[in-house]
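# What the coordinates show
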Amino acid sequence: MEYAVRGELVIKAGDYQKQLADGSADLPFDEIILCNIGNPQSVGQKPFTFFRQVLAACMYPELIDSGTLPKDAAERAATILAGMQGGVGAYSGSKGVDSIRENVAAYIQERDGGELGDPENIFLTSGASEGIKTIMQLATRNASDGILIPTPQYPLYSATVTAIGAAGIGYSLEESTGWKLQPAEITALCAEARNNGITPRCLVIINPGNPTGQLLTHDDIAEIIAVAEEEGLMLLADEVYQENVYHPGQEFTSFKKVVEATGSAVECASFHSVSKGFQGECGMRGGYMELYNFDHDAVEAVYKCVSVGLCSNLPGQVCVDLMVKPPKEGDESYPLYAEERDGIFSSLGRRAKKLVDSLNALDGMTCNPSDGAMYSFPRVHLPPKAIAAAEAQGVEPDFLYCSELLDATGICTVPGSGFGQEEGTYHFRTTFLPQEETMDKMISLIGKFQADFMAKYA
Ligand code: DCS
């Protein structure tokens, strides 16, 4: 199993950080800039005040009547606790707290404008990762069942395929068309898999994309649904970045919405998380999955399996409640919440554009826009001498690039090979999460490094 987001270079960056902290370092930089992981609060993003007030009161209910919290925060904590049996220190039902799942169903309806979904098809999970693993495991038996995964992809998918012993089938996202999927390729790959004795079971879609940052339109999604239906594939719609869409005129469309609107019978599991969006509450490990068009018995099977793990963690469930039902206009906490949210949103949008523009201005680098998510995935047009040097060291050429970048600048990124990429092309993934001043520093360091690297291997 391989998981590059926490791979070798990140461990090396951690060693450098220790050396810098204890003064033993003899390094050409004075700080490590962590751009390897979508973990906003680890690089300076502040949590929403309302979230933490409600969480605090759920953890310590004496706060509710203490008069120290805004009234709506205290009331929300009381409402959440009233829906639990024994508060956050007690196991909840296996699918999660009923009242929170009802709020999730209402949120999805408001987002998509369709029918109110059945909360019995909604499961609260400890981060999206847990739900994704559960469904991948249940949808496959062994290496004769296949899961179609994008290339490039977030390596949770390839790692989980390996862990559960299923067959991974990579389909390509085309860089030249802004990382679009080709439905005809899905059809061809399914035929090839069947010829090799593999039954394709699921199609994974990450929208907005990680590491690629592209956003699917309604028409893109309708095409994907049609091919999934044709091939009898269950859709796994990873929509953890649904709030992270930055540019005017672009908006997120959910798979559920299009499946519902087209009346398709395709099974669609969709995943969301408190780790992303603007709250970035990665450490709370909260998320949900909705199983749409699933047979009742299949939902019961998922229920049985998650029951073995008892329930997802309760503070994470509280965060899901807050994500799907934030303060609304007229509430006491709304002005501060809106200010915090808009500050994070506009800054992320600025950073996304600035990073991509600066990378595109460098010789030997090209980068598609980041319409959504938290990453850019530039292509580095490596000189043949750099590729030969990597071969001589027994490493991937993009690993060599990222490793030299870390050694020279302290910037920690993830080599494109950790996500998969078209053969003969080389990329790296960087987040645009560092705070704006650090981002400016990072952009100038990458610019200088790129020029030095290209000259060194010219
Ligand atoms: N799906 C995608 C596309 C992700 O990027 C992540 C996390 C997850 C699921 C799982 O998140 P949670 O389990 O926290 O809900 N993103 C990783 C990444 O690429 N950087 O940080 C973590």
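Everything below is about the structure printed above this text.
First things first, this report covers the structure right here in the doc. Because the structure is a prediction, the values reported are computed rather than measured. Chains are numbered independently. Their residues run from 1 in the order of the written sequence. At least 70 in pLDDT is required for a residue's local features to be given in this predicted model, at least 80 for side-chain atom pairs to be given and counted, and no such filter applies to totals for whole chains, interfaces and linings, which use all residues. As a rule here, side-chain values come from all non-hydrogen atoms in the structure, and water together with hydrogens is ignored.

Salt bridge, as used here: a side-chain nitrogen of Lys or Arg that lies within 4 Å of a carboxyl oxygen of Asp or Glu. Tallying each qualifying case throughout the model produces 22 salt bridges. Among the salt bridges present, the one from D440 reaches K354, with a minimum N-O distance of 2.6 Å. Of this pair, D440 sits in helix α15 (residues 436-456) while K354 sits in helix α12 (residues 334-360), placing them 86 residues apart in sequence. The network of salt bridges with common partners includes K95, D98, R101 and E120. Secondary structure is summarised from DSSP: a helix means a run of H or I of at least four residues, a strand means a run of E of at least two, and numbering begins at the N terminus for each.

If you look at the biggest cluster of nonpolar residues, it comprises 143 residues, and the most contacted ones within it are L203, L235, F255 and Y288. Among the elements that line this core, the one with the most residues is α12, at 9 residues. Among buried residues, those of type Ala, Val, Leu, Ile, Met, Phe, Trp, Tyr and Cys that are joined through side-chain atoms within 4.5 Å constitute a nonpolar core. Think of it in three bands: residues with accessible area under 20% of the maximum for their type are buried, residues over 50% are exposed, and the middle band is partly exposed, with areas taken using a 1.4 Å probe on protein chains only.

So, on to the environment of E110. Looking at the secondary structure, you find E110 in helix α4 (residues 98-112). Since its relative accessible area comes to 72%, E110 is described here as exposed. Measuring from C-alpha to C-alpha, the distance between E110 and L81 comes to 24 Å, with 29 residues separating the pair along the chain.

Moving on to the environment of F51. Among the structural elements, F51 can be located in helix α2 (residues 49-59). F51 sits in the buried class, given a relative accessible area of 1%. Each C-alpha atom of the pair F51 and A90 lies 20 Å from the other, and the pair is 39 residues apart in sequence. Only heavy atoms enter the contact rule, under which two residues are in contact if any of them lie within 4.5 Å. Those residues in contact with F51 that sit more than four places away from it in its chain are Q279, E281, C319, L322, M323 and Y337.

The residue R76 is located in helix α3 (residues 71-82) in this model. In protein, a polar contact means a hydrogen-donor-capable atom and an acceptor-capable atom, both N or O and within 3.5 Å, with residues adjacent in sequence counting only if both atoms are side-chain atoms; elsewhere, any N or O pair within 3.5 Å suffices. Here D321 takes part through its side chain, which lies 3.1 Å from a polar atom of the side chain of R76. The residues contacting R76, other than those within four sequence positions of it, are F50, V54, D321, L322, K325 and P326.

The subject of this paragraph is the side chain of Q279. Within the secondary structure, Q279 sits in the loop between β8 (268-273) and β9 (287-292). A distance of 3.1 Å separates a polar atom in the side chain of Q279 from the backbone oxygen of V274. Among the polar contacts made by the side chain of Q279, one reaches the main-chain carbonyl oxygen of K276 at a distance of 3.1 Å. The residues contacting Q279, other than those within four sequence positions of it, are Q41, Q45, F48, F51, S273, V274 and M323.

Let's shift gears to the sheet that holds strand β14 (residues 414-415). DSSP bridges decide pairing: two strands pair if at least two such bridges lie between them. Taken together, the 3 strands give an open sheet; going across it, the order is β11-β15-β14, and neighbouring strands pair in antiparallel fashion. In the strand order of this sheet, the two ends are held by β11 (375-376) and β14, each with one partner. In this sheet, strand β15 (residues 428-431) lies alongside β14 in antiparallel orientation, the contact comprising 2 bridges. Paired with V414 across the bridge in β15 is R429.

If even one non-hydrogen atom of a residue comes within 4 Å of a molecule or strand, that residue is called near it. In the neighbourhood of the ligand, 17 residues make up the surrounding shell, with S129, D238, Y241, S273 and S275 lying closest. One nitrogen or oxygen atom from the main chain of G38 is found 2.9 Å from a nitrogen atom belonging to the ligand. A distance of 2.6 Å separates a nitrogen atom of the ligand from a polar side-chain atom of D238. When the ligand sits alone it has 500 Å² of accessible area, and the protein chains cover 95% of it. If you tally residues by element for the shell around the ligand, the top one is helix α5 (residues 127-139), at 3 residues. Values of accessible area rely on a 1.4 Å probe in the Shrake-Rupley scheme; residue burial ignores everything except the protein chains shown.

Here we come to the packing of helix α1 (residues 8-22) against helix α14 (residues 397-409). For helices, the axis comes from a line fit to the C-alpha atoms of the stretch in contact; other axes are also lines fit to C-alpha atoms, and the angle between any two N-to-C directions lies between 0 and 180 degrees. It is at 11 Å that the axes of α1 and α14 come closest, and there the two elements cross at 10 degrees. Relative to α14, α1 is oriented roughly parallel. Taken together, the residues of α14 that come into contact with α1 (itself represented by E8, L9, K12, A13 and Y16) are F399, C402, S403, L406 and D407. All residues other than Ala, Val, Leu, Ile, Met, Phe, Trp, Tyr, Cys, Pro, Asp, Glu, Lys and Arg, Gly among them, are scored as polar; the first ten of these are nonpolar and the last four charged. Looking at side-chain class alone, the contact of α1 with α14 contains 6 nonpolar, 1 polar and 3 charged residues. Angle categories are assigned with fixed cut-offs, so that under 35 degrees is roughly parallel, over 145 is roughly antiparallel, 65 to 115 is roughly perpendicular, and the rest are oblique.

For the rest of this paragraph, the subject is the sheet that holds strand β6 (residues 199-206). On the basis of which strands lie adjacent, the open sheet formed by 8 strands has the order β2-β9-β8-β7-β6-β3-β4-β5 and mixed pairing. Across the chains shown, the open sheet's two edge strands, defined by having one partner strand only, are β2 (122-125) and β5 (180-181). Here 6 bridges tie β8 to β9, and the two strands are oriented antiparallel to one another. For A269, the partnering residue across the bridge sits in β9 and is L291. Here α5 sits on the sheet in contact with β2, β3 (145-151), β6, β7 (234-238), β8 and β9, set at roughly 160 degrees to β8.

Paired rings are identified among Phe, Tyr and Trp, the last through its six-membered ring, by centres lying within 6.5 Å, and are further divided according to the angle between planes into stacked (under 30 degrees), edge-to-face (over 60) and tilted (the rest). Applying the stated criterion across every chain, the model contains 15 aromatic pairs. Each ring, one from F48 and one from Y337, has its centre 5.0 Å from the other, and the planes form 65 degrees; the classification is edge-to-face. Linking F48 in the loop between β1 (33-34) and α2 with Y337 in helix α12, this pair joins segments that are 289 residues apart in sequence. The two residues F48 and Y337 agree in class, both being buried. A cation over a ring is seen here: K95 above Y303, with NZ or CZ 4.7 Å from the ring centre. Should the NZ of a Lys or the CZ of an Arg lie within 6 Å of a ring centre and within 35 degrees of the ring normal, that charge is described as sitting over the ring.

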